[in-house]
There are 2 protein chains.
Amino acid sequence: MTKLNHIAILVEQIEDALPFWRDALGLTLSKVEEVPAEKARVAFLPVGESEIELVQPTDPETGLGRYLAKNGGGLHHICLEVPDIAAAMERLQDHGVTLINESPRQREDGTLYAFIHPKSTQGVLLELYQLP
Amino acid sequence: MTKLNHIAILVEQIEDALPFWRDALGLTLSKVEEVPAEKARVAFLPVGESEIELVQPTDPETGLGRYLAKNGGGLHHICLEVPDIAAAMERLQDHGVTLINESPRQREDGTLYAFIHPKSTQGVLLELYQLP
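Residues numbered from 1 in each chain as written. Chains lettered and ligands numbered in written order. Predicted model: local features only at pLDDT ≥ 70, side-chain atom pairs only at ≥ 80, totals over all residues. Heavy atoms only, no water.

**Points about the interface of chain A and chain B**
No. 1: On the side of chain B, 41 residues touch chain A, which itself brings 41 residues to the contact.
No. 2: In total, about 3100 Å² of surface goes out of reach between chain A and chain B, with carbon and sulfur atoms giving 73% of it.
No. 3: Per-residue buried area on chain A facing chain B is highest for Phe 20, Leu 75 and Gln 122 of chain A; these three make up 21% of the total on that side.
No. 4: Residue assignment for the side of chain A that touches chain B shows that the elements contributing at least two residues are strand E1 (3-10), helix H1 (14-24), strand E5 (74-81), helix H3 (85-94) and strand E8 (126-130) of chain A.
No. 5: Per element, the largest residue contribution to the side of chain A that touches chain B is seven residues, and it comes from H1 of chain A.
No. 6: Within the side of chain A that touches chain B, the residues separate by chemical class into 23 nonpolar, twelve polar and six charged. (Contact = heavy atoms within 4.5 Å. Buried area = accessible area lost by both parts, 1.4 Å probe. Helix = DSSP H or I, 4+ residues; strand = E, 2+ residues; numbered from the N terminus. Nonpolar A, V, L, I, M, F, W, Y, C, P; charged D, E, K, R; others polar.)

Okay, here's the thing in C-alpha cells:
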C-alpha cells in the first residue's frame, strides 16, 4: 500500500463548495473536469501527496445522484494506491472481502480501479487505484 | 496547508475491523491507544504520509458513541495539518465559517486542534492540527 490518492466529497454544486475549500481554507484548485462516464464534474484540490476531490453529480438518476439526494453532501469514499491491483484484489477475495468490481476497470488515462463494498470495510466505500 | 494527517473511521470494535484493514488490505497496525479524554480506543494504520485511524467509542453516552449508534460505522472526519492553527482559524472566521471549537484545544502530546462545523464544509466534519 503506497499512499492515499484522494478523498471524494459529494457536493451539490462545486461553485458553492469553493468559497470554503479554496478561499477560506486556502487549498489550491488545480482543475475542474467533466467526467461524462460518471455523469459528474470533479474539482481537484491537492493536499500534500493526496487530493481532495469535490464530486458534483450532473444527473440525479445515477448512483451518485441518488446518493446525494438521499444523504446530502459529505464524505463519499477514499482511494488508496496499490502497486498491483490484481494482486490486491486476489488477496482481498482470499480474505472473503466483497468487491463491487470483480475485476479492475480502466479510466481513460489508463488508471486501473476497483471499489470494495462498505459491508466489508466497517461502512467505508473504499477505492483502489493502480496508476499507469 | 501541508498534508492530510488522518482519516477517522468510526467502528464498533477495533478487533472486528482489523481482519479487513490490516489482514486483507495489508496495512500496518502501528499502535492501539486508549484515549480517556474522548472515551475511545484508537488504532493507527499509516498510509504514506497520512494515517487511517479506527476509532472505537468506549462509552455510548458520548458524542462519538451516539453518532455510532445512530449512523453506524464509517467515515467520520478528516484532519488537515496547518503550520499555524490560530492564523488558519482567524482566516476561516473572516470567511464566515462556523467553528466547533472557537479557539484551539491541546492534546496531551502538545498537538493543537480544532474542528470545523460540517454546515460550513458541505457536510464534512473537518479537523485542523498544528503539530508541536
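Structure's up, so let's keep going.
**Some remarks on the packing of aromatic side chains**
The geometry of an aromatic ring pair is captured by the separation of the ring centres together with the interplanar angle, meaning the angle of the planes.
No. 1: The tally for this structure, following the rule as stated, stands at four aromatic pairs over all chains.
No. 2: With a centroid separation of 5.0 Å and an interplanar angle of 85°, the aromatic rings of Phe 20 of chain B and Trp 21 of chain B are classed as edge-to-face.
No. 3: Overall, the relative accessible area of 4% leaves Phe 20 of chain B in the buried class.
No. 4: Between Tyr 113 of chain B and Phe 115 of chain B the ring centres are 6.3 Å apart and the planes differ by 80°, which places this aromatic pair in the edge-to-face class.
No. 5: In this structure Tyr 113 of chain B comes out as buried when scored by relative accessible area, which is 10%.
No. 6: When the ring centre of Phe 44 of chain A is taken as reference, the NZ or CZ atom of Lys 31 of chain A above it lies at 4.8 Å. (Phe/Tyr/Trp six-rings, centres within 6.5 Å; stacked < 30°, edge-to-face > 60°. Buried < 20%, exposed > 50% of the residue type's maximum accessible area, 1.4 Å probe, protein only. Lys NZ or Arg CZ within 6 Å of the ring centre and 35° of its normal.)

**So, the domain arrangement of chain A**
Residues and elements named next belong to chain A.
No. 1: The domains assigned to chain A are domain 1 (1-79) and domain 2 (82-132).
No. 2: Inter-centroid distance (C-alpha atoms) of domain 1 to domain 2 is 20 Å.
No. 3: Contacts between the two partners involve nine residues from domain 1, matched on the other side by eleven residues from domain 2.
No. 4: Counting each side, the surface lost to burial between domain 1 and domain 2 is near 800 Å², with a carbon and sulfur contribution of 63%.
No. 5: On inspection of domain 1 and its partner domain 2, the count reaches one salt bridge.
No. 6: With a closest N to O distance of 2.7 Å, Arg 107 and Glu 38 form a salt bridge.
No. 7: Every element with two or more residues in the side of domain 1 that touches domain 2 is listed here: E1 and E5.
No. 8: A per-element tally of the side of domain 1 that touches domain 2 places E5 first, with four residues.
No. 9: Split into classes, the residues belonging to the side of domain 1 that touches domain 2 amount to three nonpolar, five polar and one charged. (Domains from an automatic or database assignment. Salt bridge = Lys/Arg side-chain N within 4 Å of Asp/Glu carboxyl O.)

**What about unusual backbone geometry?**
No. 1: Of note, the phi angle at Gln 122 of chain A is positive, near 65°, even though the residue is not glycine.
No. 2: For Gln 122 of chain A, the position within the fold is in the loop between strand E7 (112-116) and E8.
No. 3: One non-glycine residue, Lys 39 of chain B, lies in positive phi territory at about 50°.
No. 4: Inspection of the secondary structure puts Lys 39 of chain B in the loop between strand E2 (31-35) and strand E3 (40-47).
No. 5: Owing to a relative accessible area of 40%, Lys 39 of chain B belongs among the partly exposed residues under this scheme.

**Some points on the sheet that holds E1 of chain A**
Residue and element names in this part refer to chain A.
No. 1: Taken in spatial order, the eight strands make up an open sheet running E2-E3-E4-E1-E5-E8-E7-E6, and their pairing is mixed. This sheet does not close on itself; its edge strands, each paired only once, are strand E2 (31-35) and strand E6 (105-106).
No. 2: For E6 and E7, the ladder comprises two bridges, and the chain directions are antiparallel. Each residue of the ladder has a partner; that of Gln 106, found in E7, is Leu 112. (Pairing = 2+ DSSP bridges.)

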